[in-house]
Amino acid sequence: MTDMPSDEPIDDYDPMIYDAMREAANRLGGLYMERWHLAESEADKEKWLALNHQVWRESRAVDPSSLGAVQSARADFVARFRAEEL
């Protein structure tokens, strides 16, 4: 029998992986809030605030016991942060 990757929740992975995912979400949300503070129009303020709330909801929806979900969410938040930095 071989160990195959699974989407099933597991409880034997390093919990710092979940913390790293939450930190990536916080960085992205923080970038959006920085842009909110710098926005000059109400429409732009609403846009950045909505994006910040979306990131918060997404990060809260990740199952902390699913290694695959945590890793996928972290990679997504990091990629979005890097794309916004450009």
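A short tour of the structure in this document, coming up.

With that out of the way, let us pick up the overall build of the protein chain. Within the protein chain, the secondary structure is distributed over three helices and zero strands. Shown N-terminal to C-terminal, the secondary structure of the protein chain runs as helices and strands in the order α-α-α. Counting all 86 residues of the protein chain, 27% fall into the buried class. Contacts in the protein chain between residues at least 24 apart in sequence constitute 65% of all its contacts with a sequence separation of at least 6.

Moving on to the pattern of salt bridges. Taken as a whole and judged by the stated rule, the model has three salt bridges. For the salt bridge of Arg 80 with Glu 58, the shortest nitrogen-to-oxygen distance reads 2.7 Å. Taken together, the positions of Arg 80 in helix H3 (residues 67-85) and Glu 58 in helix H2 (residues 42-61) put the pair 22 residues apart, joining distant regions of the chain. The network of salt bridges with common partners includes Glu 58, Asp 76 and Arg 80.

One pair of aromatic rings is described through two measures. These are the centre distance and the angle between the planes. Enumeration according to the criterion identifies one aromatic pair in this entry. Sitting above the plane of the Phe 81 ring, Arg 27 keeps its charged end 4.2 Å from the centroid. The aromatic ring of Trp 36 is capped on one face by Lys 45, whose charged end is 4.5 Å from the ring centroid.

Our focus in this paragraph is the nonpolar core. Soluble globular proteins: nonpolar side chains tend toward being buried together. Core analysis: the largest hydrophobic core is formed by 17 residues, its most contacted members being Met 21, Leu 28, Val 55, Val 70 and Phe 77. Broken down by secondary-structure element, the contributors of at least two residues to this core are helix H1 (16-38), H2 and H3. Examining the composition of this core, we find that seven residues originate from one element, H1, more than from any other. Setting aside chain neighbours within four positions, we find Val 70 in contact with Tyr 13, Ile 17, Tyr 18, Met 21, Val 62, Asp 63 and Pro 64.

Our focus in this paragraph is the environment of Gly 30. Along the chain, Gly 30 falls in helix H1. Taking the C-alpha atoms as reference, Gly 30 lies 7.7 Å from Asn 52; in sequence the two are 22 residues apart.

Attention shifts here to the environment of Phe 81. One can find Phe 81 in helix H3. Relative accessible area serves as the criterion here: at 11%, Phe 81 is assigned to the buried category. Along the backbone, Phe 81 and Arg 27 are 54 residues apart, and their C-alpha atoms lie at a distance of 7.4 Å. If we skip the residues at most four places from it in the chain, Phe 81 touches Arg 27, Leu 28 and Leu 31.

This part covers the side chain of Ser 59. Position of Ser 59 among the secondary structure elements: in helix H2. Discounting residues that sit within four places of it in the chain, Ser 59 has contacts with Tyr 18, Met 21, Arg 22, Ala 25 and Phe 77.

Analysis parameters
- Positions within a chain are numbered from 1, following the residues in the order the chain's sequence is written.
- Local features in this predicted model are restricted to residues whose pLDDT is 70 or higher, and side-chain atom pairs enter the listing and the counts only when it is 80 or higher, whereas totals over whole chains, interfaces and linings include all residues.
- Remark: hydrogens and water are excluded; side-chain values derive from all non-hydrogen atoms of the structure.
- Under the scheme used here, helices are H or I runs from DSSP no shorter than 4 residues and strands are E runs no shorter than 2 residues, and both carry numbers assigned from the N terminus.
- Partly exposed describes any residue whose relative accessible area lies between the buried limit of under 20% and the exposed limit of over 50%, with all areas from a 1.4 Å probe on protein chains only and scaled to the type maximum.
- Here a residue-residue contact requires only that any non-hydrogen atoms of the pair lie within 4.5 Å.
- The salt bridge definition used is simple: a Lys or Arg side-chain nitrogen within 4 Å of an Asp or Glu carboxyl oxygen.
- Under the pairing criterion, centres of Phe, Tyr and Trp rings, with the six-membered ring standing for Trp, must be within 6.5 Å; the plane angle then separates stacked pairs below 30 degrees from edge-to-face pairs above 60, leaving the rest tilted.
- Placement of a positive charge over a ring is assigned whenever Lys NZ or Arg CZ falls within 6 Å of the ring centre and within 35 degrees of the normal to the ring plane.
- Residues grouped as a nonpolar core are buried Ala, Val, Leu, Ile, Met, Phe, Trp, Tyr and Cys residues, joined through side-chain atoms within 4.5 Å.

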